[in-house]
Amino acid sequence: MSFQSQGYLVLESFTSPEEINAMRKRMDQLLDEFDCSSTSSIFSTKNQKHTTDNYFYESAEKVSFFFEEKAFDEDGNLKQPKQLSINKVGHALHEIDLVFKKFTFSEELSSLLKSLDYKRPVIIQSMYIFKQPGIGGEVVPHQDNSFLYTEPTTCTGLWLALEDATILNGCLWAIPGSHKGGLVRRFIRDEEGVHFDRPFPSYEEKDFVPLEVKAGSLVVIHGDLIHQSFENQSSKSRHAYSFHAIDTVGCKWAPDNWIRRKVDPEPLYVS
Ligand SMILES: O=C(O)CCC(=O)C(=O)O
């Protein structure tokens, strides 16, 4: 099955165990250095709590930490160590942190984007997603073009498994071929904050297939593909490095996207 027909592709062993170890070790260090009294911003796709949250907006050009919704007790204290409480770190790891930058700006990544016909691609966001054991939050069905909209659409999701991802620990699920239906709705930022321009469409659970992959696999996701992941109720984490490419030639970045950069991102290549 091809990327064009199913809207995703799994590239097994895309990344070496050494590269994976380097990214995981670097994230351990970043977490150790993170002062969790400095923020308590929560990431949830079920309840869009960011609305006019500057910590969230500014994360577009920073390395920022977002907690799991279920990380806190009723008094607002963490129920477990910070290392097991963070939902994700985003959204500019790929440009600020040298370990993540090295992987993101690699020849292999550029070759992949050339094969997808990108002319002057930039990585517009990156996220280290933890899917913590027991509390790793659900990511509701969505299309990446909703959040990272260009006219015409050009977003591709790149999702690297840093651990084996299984049905038990919250792997990705997708509706094969759903990208052919086009973009359903957009996530807009305006003077009221962030919100969707249309209601949440309903999907049939039976249409989703699990994308169980080994650590080191890269899942390439068409920007219109409907995909999701369930809560991680297992005792194993499911770390992933997810980042998104858009083109900057032949299309226009929408000014009402949530990301409003002060400095234009550096292209991976210019062809
Ligand atoms: O890692 C996950 O659980 C979901 C990630 C995702 O949907 C994305 O990065 O677009």
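Rules and cut-offs
- Residues numbered from 1 in each chain as written.
- Predicted model: local features only at pLDDT ≥ 70, side-chain atom pairs only at ≥ 80, totals over all residues.
- Heavy atoms only, no water.
- Near = heavy atom within 4 Å.
- Polar contact = N/O pair within 3.5 Å; in protein donor to acceptor, adjacent residues only side chain to side chain.
- Areas by Shrake-Rupley, 256 points an atom, 1.4 Å probe, with all protein chains shown as cover.
- Helix = DSSP H or I, 4+ residues; strand = E, 2+ residues; numbered from the N terminus.
- Nonpolar A, V, L, I, M, F, W, Y, C, P; charged D, E, K, R; others polar.
- Salt bridge = Lys/Arg side-chain N within 4 Å of Asp/Glu carboxyl O.
- Buried < 20%, exposed > 50% of the residue type's maximum accessible area, 1.4 Å probe, protein only.
- Contact = heavy atoms within 4.5 Å.
- Core = buried A, V, L, I, M, F, W, Y, C linked by side-chain atoms within 4.5 Å.
- Phe/Tyr/Trp six-rings, centres within 6.5 Å; stacked < 30°, edge-to-face > 60°.
- Lys NZ or Arg CZ within 6 Å of the ring centre and 35° of its normal.
- Pairing = 2+ DSSP bridges.

Q: Explain the site of the ligand to me, please; I cannot follow it from the model alone.
A: Taken together, the neighbourhood of the ligand is formed by 13 residues, with His142, Trp159, Ser229, Arg238 and Ser242 sitting nearest. Histidine 142 is positioned such that a nitrogen or oxygen atom in its side chain is 3.1 Å from an oxygen atom of the ligand. Aspartate 144 is positioned with one of its side-chain polar atoms (N or O) 3.0 Å from an oxygen atom of the ligand. Protein coverage of the free-state accessible area of the ligand, which is 300 Å², stands at 96%. For the shell around the ligand, the secondary-structure elements that each account for two or more residues are strand 4 (121-129), strand 5 (139-142), strand 13 (227-229) and strand 14 (240-247). Partitioning the shell around the ligand into residue classes produces five nonpolar, five polar and three charged.

Q: I would appreciate a short explanation of the pattern of salt bridges in the present structure.
A: Once the charged atoms of two side chains with opposite charge are near each other, the side chains can pair. For the structure shown, the criterion picks out eleven salt bridges. Between glutamate 231 and lysine 70 there is a salt bridge; the shortest N-O distance is 2.7 Å. A residue pair is termed long-range when its members are at least 10 positions apart, and glutamate 231 in the loop between strand 13 and strand 14 and lysine 70 in the loop between strand 2 (63-67) and strand 3 (86-91) qualify at 161 residues. Lysine 70 sits in the partly exposed class, given a relative accessible area of 42%. Ionic pairing is found between arginine 186 and aspartate 256, a salt bridge with its closest N-O pair at 2.7 Å. One end of the pair, arginine 186, is in the loop between strand 8 (172-174) and strand 9 (187-190); the other, aspartate 256, is in the segment after strand 15 (252-253), and 70 residues separate them in sequence. When its relative accessible area of 12% is taken as the criterion, arginine 186 is described as buried.

Q: Which parts of the structure should I look at to understand the environment of valine 122?
A: On the secondary structure map, valine 122 appears in strand 4. By relative accessible area, valine 122 is classed as buried at 2%. For the pair formed by valine 122 and aspartate 256, sequence separation is 134 residues and the distance between their alpha carbons is 18 Å. Leave out the neighbours within four places in its chain, and valine 122 touches His244, Ala245, Ile246, Thr248, Pro265, Glu266 and Pro267.

Q: Got a minute to help me understand the nonpolar core in this structure?
A: Generally speaking, soluble globular proteins have nonpolar side chains that are buried together. Met27, Leu158 and Tyr241 are the most contacted members of the largest nonpolar core, which has 36 residues in total. It is helix 2 (residues 17-33) that provides the largest number of residues to this core, a total of five residues. Excluding its chain neighbours within four sequence positions, the residues that come into contact with tyrosine 241 are Met23, Leu93, His94, Phe100, Phe103, Thr104, Ser126, Met127, Leu158, Trp159, Leu160 and Leu162. Core analysis: the next-biggest nonpolar cluster, separate from the first, contains 17 residues, Cys171, Leu172, Trp173 and Val219 among them.

Q: Quick question: what am I supposed to make of the packing of aromatic side chains here?
A: Aromatic rings considered in pairs are described by the distance between their centres and by the relative angle of their planes. For the structure shown, the criterion picks out 20 aromatic pairs. With a centroid separation of 6.3 Å and an interplanar angle of 90°, the aromatic rings of tyrosine 203 and phenylalanine 208 are classed as edge-to-face. By relative accessible area, phenylalanine 208 is classed as buried at 6%. Members of the aromatic cluster, each reached through a chain of ring pairs, are Phe14, Phe100, Phe103, Tyr128, Phe130, Tyr241 and Phe243. Over the aromatic face of tyrosine 269 sits the side chain of lysine 114, whose NZ or CZ is 4.7 Å from the ring centroid. Lying across the ring of phenylalanine 196, arginine 185 places its NZ or CZ 3.6 Å from the centre.

Q: Sorry, what's going on with the pairing of strand 12 (residues 218-222) here?
A: Where a strand is regular, its side chains alternate between the two sheet faces. Counting buried positions along strand 12 yields four of five residues, so the element is predominantly enclosed. Sheet topology places strand 1 (residues 8-11) next to strand 12; four bridges connect them, and they run antiparallel. Within strand 12, the residue paired with tyrosine 8 across the bridge is isoleucine 221. Across five bridges, the pairing between strand 7 (residues 156-161) and strand 12 is antiparallel. What sits directly across from tryptophan 159, in strand 12, is valine 219.

Q: Please explain the environment of threonine 248 as it appears in this structure.
A: In this structure, threonine 248 sits in the loop between strand 14 and strand 15. For threonine 248, a relative accessible area of 32% gives the class partly exposed. Separated by 128 residues in the primary sequence, threonine 248 and arginine 120 place their C-alpha atoms 5.6 Å from one another. Once residues within four sequence positions are removed from consideration, threonine 248 is found in contact with Arg120 and Val122.

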